[in-house]
Amino acid sequence: MNGRWQSLPRPIAFVFSAGAGSGAVQVGMLRALYEAGLHPDLIVGSSVGALNGAVIACWGLADGVRSLTAVWPYITREDIFPGGKLDQARHFFNNRTSIFPNHNLIELGVRTLPTRHFEALSIPFGVVATEVMTYHGVLFTKGDLYQALLASTAIPGIFPPADIHGKLYVDGALTAYVPMSAAVQMGAASLVVLDVGDACQRTAPPRHVAEMVTWALHAALRQRALVEAPAIAQEMPVLYLPSPCSVSKGLLDFSNIAARIEDSYQLAKAFLDFAPLPEPGMIVGGPHHHTDLDLPTLLEIATA
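Residues numbered from 1 in each chain as written. Predicted model: local features only at pLDDT ≥ 70, side-chain atom pairs only at ≥ 80, totals over all residues. Heavy atoms only, no water.

A short note on the nonpolar core
How we decide: Here the nonpolar core consists of buried residues drawn from Ala, Val, Leu, Ile, Met, Phe, Trp, Tyr and Cys, with membership extended through side-chain atoms lying within 4.5 Å. For every residue, the accessible area obtained with a 1.4 Å probe (protein chains only) is divided by the maximum for its type, and the residue is called buried under 20%, exposed over 50%, and partly exposed between those limits. Under the scheme used here, helices are H or I runs from DSSP no shorter than 4 residues and strands are E runs no shorter than 2 residues, and both carry numbers assigned from the N terminus.
Core analysis: the largest hydrophobic core is formed by 59 residues, its most contacted members being F14, W72 and F125. Examining the composition of this core, we find that seven residues originate from one element, helix 2 (residues 48–59), more than from any other. Among the nonpolar cores identified, the runner-up in size contains 24 residues, and A18, M180, A225 and A229 belong to it.

So, the pattern of salt bridges
Rules: The rule for a salt bridge is simple: a side-chain nitrogen of Lys or Arg has to be within 4 Å of a carboxyl oxygen of Asp or Glu.
Enumeration according to the criterion identifies six salt bridges in this entry. Here R116 and D144 are joined by a salt bridge, their closest N and O atoms 3.1 Å apart. Separated by 28 residues along the polypeptide, R116 in the loop between helix 6 (103–112) and strand 3 (125–131) and D144 in the loop between strand 4 (137–140) and helix 7 (145–152) bring together distant segments of the chain. Here R116 falls in the partly exposed class, since its relative accessible area comes to 37%. With its nearest N and O atoms 3.5 Å apart, the salt bridge here joins K269 to D273. Of the two residues, K269 and D273 both sit in helix 11 (residues 257–274), four residues apart, roughly one turn of that helix.

Some points on the layout of surface pockets
For clarity, the threshold we go by: Both site types are read off a 1 Å grid over the protein atoms alone. A 1.4 Å probe that fits but cannot get out defines a cavity, while an open set with protein on both sides within 12 Å along at least five of seven lines defines a pocket; lining residues have an atom within 4 Å of a point. Grid points are joined across faces, edges and corners, and a volume is the space filled by probe spheres set on the points.
Roughly 180 Å³ of volume is contained in the second largest pocket. Listed by contribution, the elements that provide at least two residues to the lining of the second largest pocket are strand 4, helix 8 (180–185) and helix 10 (223–233).

Quick word on the pairing of strand 7 (residues 190–194)
To be explicit about the condition: Should DSSP find at least two bridges between two strands, the strands are taken to pair.
Burial within strand 7 is extensive, with five of its five residues counted as buried. Burial along strand 7 is two-sided: S190, V192 and L194 facing one way and L191 and V193 facing the other are all buried. Alignment of strand 7 against strand 8 (residues 238–240), held across three bridges, turns out to be parallel. Counterpart to V193 in the pairing with strand 8 is Y240.

Points about the confidence of the model for the protein
Our working rule: pLDDT is defined as a per-residue confidence score from the predictor, taking values between 0 and 100. Note on contacts: a residue pair qualifies if any of its non-hydrogen atoms lie within 4.5 Å across the two residues.
Summing up the model confidence of the protein, the mean pLDDT is 81 and the portion of residues at 70 or higher is 71%. For the stretch residues 87–93, pLDDT sits under 50, and the model shows twelve contacts to residues farther than four places along the chain or on other chains. pLDDT under 50 marks residues 289–294. Its contacts with residues more than four places away, or in other chains, come to eleven contacts.

Digging into the environment of A50
Along the chain, A50 turns up in helix 2. Here the alpha-carbon distance between A50 and S17, two residues 33 residues apart in the chain, equals 7.9 Å. Apart from residues lying up to four places away in sequence, A50 is in contact with G45, F125, V127, L149 and S152.

Brief notes about the packing of helix 1 (residues 25–35) against helix 3 (residues 61–71)
Stated precisely, the cut-off is as follows: Only the stretch in contact is used when a helix axis is fitted, and all axes are lines through C-alpha atoms; the angle between N-to-C directions ranges over 0 to 180 degrees. For this classification, under 35 degrees means roughly parallel, over 145 means roughly antiparallel, 65 to 115 means roughly perpendicular, and everything else is oblique. In this scheme the handedness of a crossing depends on how the near helix is turned from the far one: anticlockwise by less than a right angle means left-handed, clockwise means right-handed.
At a closest axis distance of 10 Å, the pairing of helix 1 and helix 3 adopts a crossing angle of 150°. Between helix 1 and helix 3, the angle falls in the class roughly antiparallel. The two elements helix 1 and helix 3 meet at a crossing, and its hand is left-handed. In this structure, helix 1 contributes V27, L30, R31, L33 and Y34 to the contact, and helix 3 contributes L61, A62, V65, L68 and T69.

Here it is as structure tokens:
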């Protein structure tokens, strides 16, 4: 345990980015944070990061990491995006708003979360979604947890929008791929950012509409983090964890999950062992593209 992280101003917020199948990377980051003695006082997440963040907010860091480690390696693409092309066409014909149902996401939530309500969580938690009519980001911190998670993960055209009190909501990544501003809104004094990014080399172009839509959205929307992170760091300490860059088959790739978690853990552990303590006006780490960077080079860039 590294005691120097205890001097970060509190409350400390863990900020979980979007990232679809790359959300597995956050599990390794969380394990490294736990071993470093860095625990969240509040949590905010967007899209798949909201799902991961909800588990930590429910169970706490130690038990939450164990729960995510037990679930993630067994998730397959078919679990989240079920059915063949005929099933997808039939669902779209009946639904007109999406090519996949979201009932598997609900089932995943039931398996990992014993409560449906924000108020029953152990750690204050925020979920970012995007309101369809106004295209504004909305931060949910109370009420029906499942509905907020379905809203935050509703990739437009892929999953149906969520209806909450008569308003339709879709993927939080559209307005907050890395929801740092939402964490500030919740009262954070320090940020620990778990951004999985998607800077890795692809082995093939997007193969179908779901992958194309997801790739295009995430590639464009993540750019906001490049501007937002340094701006927020002028006001408070920001610790921005590095993301490993193993060869990627795309955001909807759910293969080799255990190896990706381990790679993420090893990189985050080494980073936390050597990174300096951030101060206001300083960002340690950052939303850089980490492809082909070894740890000494990454630290040199991060702390320049």
